[in-house]
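Observations on the model geometry
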Amino acid sequence: MIRWHPNARRPLARQPLTLLGLAWLLVVGLITVLVPALTHTSPMATDPARTLEPPSADHPLGTDALGRDVLTRLAWGARWTLQMGLLGLTLSVGLGLPIGLVAGAFGGWVDTLLMRLMDALLAFPGLLLAMALIAVLGSGLAPVAVAVGFTASPAYARVARSAAREVRSETYVQASRAVGAGPGRILWRHILPNASPPLLAFAAVQLGWILLNGAALNFLGLGVPPGTPEWGAMLAEGRGFLRDAPWASAFPGLALTMTVLAANLVGDGVQELMRPR
Amino acid sequence: MTSAILRRVPQALCVVWLAATLAFAAMKLTPGDPAQALLAASGATPSEIAAERARLGLDDPVLVQYVRYLGELLRGNLGSSWLHGRPVSQMITERAGPTISLALAALTVGTALGVALGLVAAARQGTWLDTLVTGLAVTSLSIPVYWSGLLAILLFSLGLGWLPSSGEGDLRHLILPATVLGVASSGSIARLVRARMIEVLQAPYVTAARGRGLSGWHVLTAHVLRAALPSTVTVIALQLGFLLGGAVVTEAVFARRGLGQLALESIQWRDLPVVRGIIVFAAVAYMLTSLAADLVHAWLDPRLREDGLA
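Fair warning: this is a prediction, and the values are worked out from it, not measured in the lab.

**Some remarks on the overall build of chain A**
Looking only at helices and strands, one finds nine helices and zero strands in chain A. The linear arrangement of helices and strands in chain A, starting from the amino end, is α-α-α-α-α-α-α-α-α. Referenced to the eigenvectors of the C-alpha coordinate spread, the extents of chain A come out at roughly 75 × 45 × 30 Å. Split into buried and exposed, the 277 residues of chain A put 51% on the buried side. Put simply, of all contacts in chain A between residues at least 6 apart along the chain, 74% involve residues at least 24 apart.

The following block contains the structure:
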């Protein structure tokens, strides 16, 4: 259904970084599914005798201030973080895609109205808007995902609008209109498939943004309850013991950075696929 | 040029009005009674709470409240804090200093680094240097500042003892947070500068300048950078939104008592007038900056100077 450039300058096979990013996202995705089978201790299991231990054979990434195994919590954290990311992305695309497509495909006052509204939302600095939404929605993983996803949606609407505008005057759209296809059918069957490569690329970039800012809200203590093995929250908890146990905050940050980087690399790679040779 | 400004201003005002309206609507949609929130700690009786509701005008129709809100907003009045009873505008002015200095310092670091990296990558397009810079750029925009900030504290404060890890005040307190936030913003600036430069490098006048035998460096600085500069200003101004949001997290990491910390405290205490005030303040600041950037763009780009802004 998606139409790539038939003669891409750099096919996927010649983009090692994109493949690496895809592989990392796949690994994180697999961990979120398999984590109950992979770990033999609970991410919440404390051990007062072994707090702030450096990495060892027992605890490959050390233990935190309550003696919990950092690696186990990191693996469970993948589940929390990715859940938040995918929920946020679904909301962002679910709101931004229809708004942008309709604005771009119809133009005129519909376009002006919708895009002025999106501009107003974009006038708020992203993270601040998400924080304000948390004030309204309350704390927890779902509010964080909703706040970040909603904040990301105007940017998605903009990309969707320009993608729709680019194809709306193509001859196949005119031909379809000439044979009497309705606006819904034209949007769904012609504009969406042909506009989809940039939309896919931007979705990957937005996943990165959502992960980064959602975890930031958790880091600030506005999201998941204390003690939750979520990467941003783990970073915040480890911060008080930075001098004695840097591993408790360094590894969650590394995992988050690598996942965001993977999403951005995939986004860039997909964009490369659309560039003609 | 004048007509360009005149056309841009109502547009910006319209966006600010919409933003203020959204902030009002969000607060109205929040469950909970503000009068009760205000008096909760003092153990007020229901009749006292009802009196407070009447005093705050919360019993009036929503439309009346909305018009009054906009009127107050025009006079620079952002309401009073539920928690402290003080004017929100006063609280914002007190705490804006550390945030503005952080954002400006980070913008300087990010711009210097971003433009330099973008320039180098574009000049050496397709070489290993380009690959390296592009890789650094995407990495910099993927690293959370709350992680790089902690690593910087670990290395430069706890490890080497060169710089303080927290607080605000003199320049020494500004170096670490500004560098961390600046590096985070340099990635997107570098990418956009590189893309814009490569576009300009393909222009016929660049080929012509090369053909006249001008050195590569001269062509790059005198022709390419000059042509790429105006649109770069807009890109840099757009970074301000990112910087304001990033400043919130950076302030939390480095324990700076700025606007971000104020926002955080108000959200935790559900002090909604302060949250709304900060949001509206940020939207206005952002609109003013992008307006200023458009004007600088028009001033730098002679084509826009004559025709007005598109």
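Now that the structure has been shown, we can carry on.
**Quick notes on the overall build of chain B**
Helix and strand counts for chain B come out as 13 helices and zero strands. Along the chain direction, N to C, the helices and strands of chain B fall in the order α-α-α-α-α-α-α-α-α-α-α-α-α. In terms of principal-axis extent, the alpha carbons of chain B reach across some 85 × 55 × 30 Å. For chain B, with 310 residues in total, the buried portion stands at 41%.

**Describing unusual backbone geometry**
All names here are of chain B. Residues other than glycine seldom take positive phi values, yet alanine 255 does so here, at roughly 45 degrees. Topologically, alanine 255 is positioned in the loop between helix H10 (216-254) and helix H11 (259-268). Judged by the 14 C-beta atoms lying within 10 Å of it, alanine 255 is partly exposed.

**Observations concerning helix H5 (residues 88-123) of chain B**
Helix length check: H5(B) (36 residues) gives 49 Å between terminal C-alpha atoms against 52 Å at 1.5 Å per residue, within 8%. By the largest-angle criterion, Ala96(B) marks the main kink of H5(B), which is about 45 degrees, and a proline, Pro98(B), follows within four residues.

**Things to note about the packing of helix H8 (residues 171-201) of chain B against H10(B)**
All names here are of chain B. Put simply, H8 and H10 touch, their axes get as near as 8 Å, and they point 155 degrees apart. Compared by their axis directions, H8 and H10 come out roughly antiparallel. The hand of the H8/H10 crossing is right-handed.

**Concerning the interface of chain A and chain B**
Listed by partner, the interface residues are 37 residues for chain A and 38 residues for chain B. Elements that contribute at least two residues to the side of chain A that touches chain B include exactly helix H3 (108-122), helix H4 (126-137), helix H7 (183-219), helix H8 (231-239) and helix H9 (247-274) of chain A.

**What to know about the nonpolar core**
Grouped together as the largest cluster of nonpolar side chains are 166 residues, with contacts concentrated most on Leu128(A), Met131(A) and Ile279(B). Residue contributions to this core peak at 19 residues, all from H7(A). Residue contacts for Leu128(A): discarding those within four places in its chain leaves Leu244(B), Gly245(B), Val248(B), Ala263(B), Ile278(B), Ile279(B) and Ala282(B).

**A closer look at the packing of H4(A) against H7(A)**
Residue and element names in this part refer to chain A. Where H4 contacts H7, the axes come no closer than 11 Å and their chain directions differ by 50 degrees. Judged by the inter-axis angle, H4 sits oblique to H7. When the axes of H4 and H7 are compared, the crossing they make is right-handed. In contact with Gly126, Leu127, Ala130, Met131 and Ile134 of H4, H7 contributes Asn213, Ala216 and Leu217. Of the residues in the contact of H4 with H7, the class split is six nonpolar, two polar and no charged.

**Some points on the environment of Tyr66(B)**
With respect to the secondary-structure elements, Tyr66(B) resides in helix H4 (residues 62-74). For the pair formed by Tyr66(B) and Ala25(B), sequence separation is 41 residues and the distance between their alpha carbons is 8.9 Å.

**Re the environment of Gln65(B)**
Residue and element names in this part refer to chain B. Mapped onto the elements, glutamine 65 comes out in helix H4. Sequence separation between glutamine 65 and phenylalanine 24 is 41 residues, and the spatial gap between their C-alpha atoms is 9.6 Å. Sequence-distant contacts of glutamine 65, that is, excluding residues within four places in its chain, are made with Gly57 and Asp60.

**Concerning the confidence of the model for chain B**
Residue and element names in this part refer to chain B. Looking at chain B, pLDDT values average 81 and 93% of them are 70 or higher. Averaged pLDDT values over the elements of chain B bottom out at 61 in helix H13 (residues 302-307) and peak at 90 in helix H6 (residues 128-140). What the predictor reports for the complex is a pTM of 0.86 with an ipTM of 0.83.

**Looking at helix H2 (residues 70-106) of chain A**
Residue and element names in this part refer to chain A. The terminal C-alpha atoms of H2 lie 52 Å apart, and with 37 residues this matches the ideal 54 Å at 1.5 Å per residue to within 8%. At tryptophan 76, H2 shows its maximal kink, close to 25 degrees. Counting buried positions along H2 gives 26 out of 37 residues, so the element sits mostly inside the fold. Following H2 by one or two positions, glycine 107 adopts a phi angle in the positive range, close to 65 degrees.

**Describing the environment of Thr41(A)**
Residue and element names in this part refer to chain A. With respect to the element layout, threonine 41 can be found in the loop between helix H1 (16-38) and H2. Judged by the 13 C-beta atoms lying within 10 Å of it, threonine 41 is partly exposed. With residues up to four places along the chain from it excluded, the contact list for threonine 41 reads Asp69 and Thr72.

Parameters at a glance
- Residues numbered from 1 in each chain as written.
- Chains lettered and ligands numbered in written order.
- Predicted model: local features only at pLDDT ≥ 70, side-chain atom pairs only at ≥ 80, totals over all residues.
- Helix = DSSP H or I, 4+ residues; strand = E, 2+ residues; numbered from the N terminus.
- Buried ≥ 20, exposed ≤ 12 C-beta atoms within 10 Å, placed from the backbone.
- Contact = placed C-beta atoms within 7 Å.
- Expected span 1.5 Å × (residues − 1).
- Bend = angle between axes of the 7 residues up to and from the residue.
- Axes fitted to C-alpha atoms, helices over the stretch in contact; angles between N-to-C directions.
- Parallel < 35°, antiparallel > 145°, perpendicular 65-115°, else oblique.
- Left-handed = near helix turned anticlockwise from the far one by under 90°.
- Core = buried A, V, L, I, M, F, W, Y, C linked by C-beta atoms within 7 Å.
- Nonpolar A, V, L, I, M, F, W, Y, C, P; charged D, E, K, R; others polar.
- pLDDT = per-residue confidence, 0-100.

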